[in-house]
Amino acid sequence: MPQPEPLSDQDIAARLGELPGWSVSEGLLRRGYHFAGHFPAAAMVIHIAQIQEELGHHADLTLGYNRLAIAVNTHSAGDRITALDFGLAHRIEAVAAAHGAD
């Protein structure tokens, strides 16, 4: 499998336009979600863990009482943002509403 290539700043900016709520800071693609309580936030963590295993690509997840922070880049691409990160972000967005995330 070929190594993922880092995306250019222009490509990252264009892809961010497809993911409202996501941003880039400190070299990481990031998103925060809020929930009605702890259980929906924890359930989303489990759902994301399943997606990450399917993709073989993992983000840092920080769970709080009613919030979840996600930060991801691609370690094998020198800790840069790649298409893998955006693929994961799109999959996360696809399940977020089912967990009541906003």
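Residues numbered from 1 in each chain as written. Predicted model: local features only at pLDDT ≥ 70, side-chain atom pairs only at ≥ 80, totals over all residues. Heavy atoms only, no water.

Under an unreviewed UniProt entry, the name given to the chain is Putative pterin-4-alpha-carbinolamine dehydratase, and the organism recorded is Streptomyces catenulae. What the UniProt record of the chain gives under Sequence similarities (unreviewed entry) is the line "Belongs to the pterin-4-alpha-carbinolamine dehydratase family." The heading Catalytic activity (unreviewed entry) in the UniProt record of the chain holds the text "(4aS,6R)-4a-hydroxy-L-erythro-5,6,7,8-tetrahydrobiopterin = (6R)-L-erythro-6,7-dihydrobiopterin + H2O". (UniProt positions renumbered as here; feature names shortened; annotations may be inferred.)

On to the overall build of the chain, then. Helix and strand counts for the chain stand at 3 helices and 4 strands. Ordering the α and β elements of the chain from the N terminus gives α-β-β-α-β-β-α. Its C-alpha atoms give the chain a radius of gyration of 13 Å, near enough to 13 Å, the size a compact globule of 102 residues would have. Projecting the C-alpha coordinates of the chain onto the three principal axes gives extents of approximately 40 × 25 × 20 Å. When each of the 102 residues of the chain is scored for burial, the buried share is 38%. Put simply, of all contacts in the chain between residues at least 6 apart along the chain, 66% involve residues at least 24 apart. The chain carries 6 positive and 12 negative side-chain charges, and their two centres are separated by 4 Å. (Helix = DSSP H or I, 4+ residues; strand = E, 2+ residues; numbered from the N terminus. Rg over C-alpha atoms; globule rule 2.2 N^0.38 Å. Buried < 20%, exposed > 50% of the residue type's maximum accessible area, 1.4 Å probe, protein only. Contact = heavy atoms within 4.5 Å. Lys, Arg positive; Asp, Glu negative; His and termini not counted. Charge placed at Lys NZ, Arg CZ, Asp CG, Glu CD.)

We now examine the nonpolar core. Trp 22, Leu 29, Tyr 33, Met 44, Ile 70, Phe 86 and Ile 92 are the most contacted members of the largest nonpolar core, which totals 25 residues. Once residues lying within four places of it in the same chain are set aside, the contact partners of Met 44 are Tyr 33, Phe 35, Leu 68, Ile 92, Ala 96, His 99 and Ala 101. (Core = buried A, V, L, I, M, F, W, Y, C linked by side-chain atoms within 4.5 Å.)

Further remarks concern the packing of helix α2 (residues 38-55) against helix α3 (residues 83-96). The angle between the axes and the distance between the axes are what describe a pair of packed helices. Axis separation between α2 and α3 bottoms out at 10 Å; the angle between their running directions is 145 degrees. Crossing handedness for the pair α2 and α3: right-handed. For the pair α2 and α3, contact is made by Met 44, His 47, Ile 48, Ile 51, Gln 52, Glu 54 and Leu 55 and by Leu 88, Arg 91, Ile 92, Val 95 and Ala 96, respectively. When its residues are assigned to classes, the contact of α2 with α3 shows 8 nonpolar, 2 polar and 2 charged. (Axes fitted to C-alpha atoms, helices over the stretch in contact; angles between N-to-C directions. Left-handed = near helix turned anticlockwise from the far one by under 90°. Nonpolar A, V, L, I, M, F, W, Y, C, P; charged D, E, K, R; others polar.)

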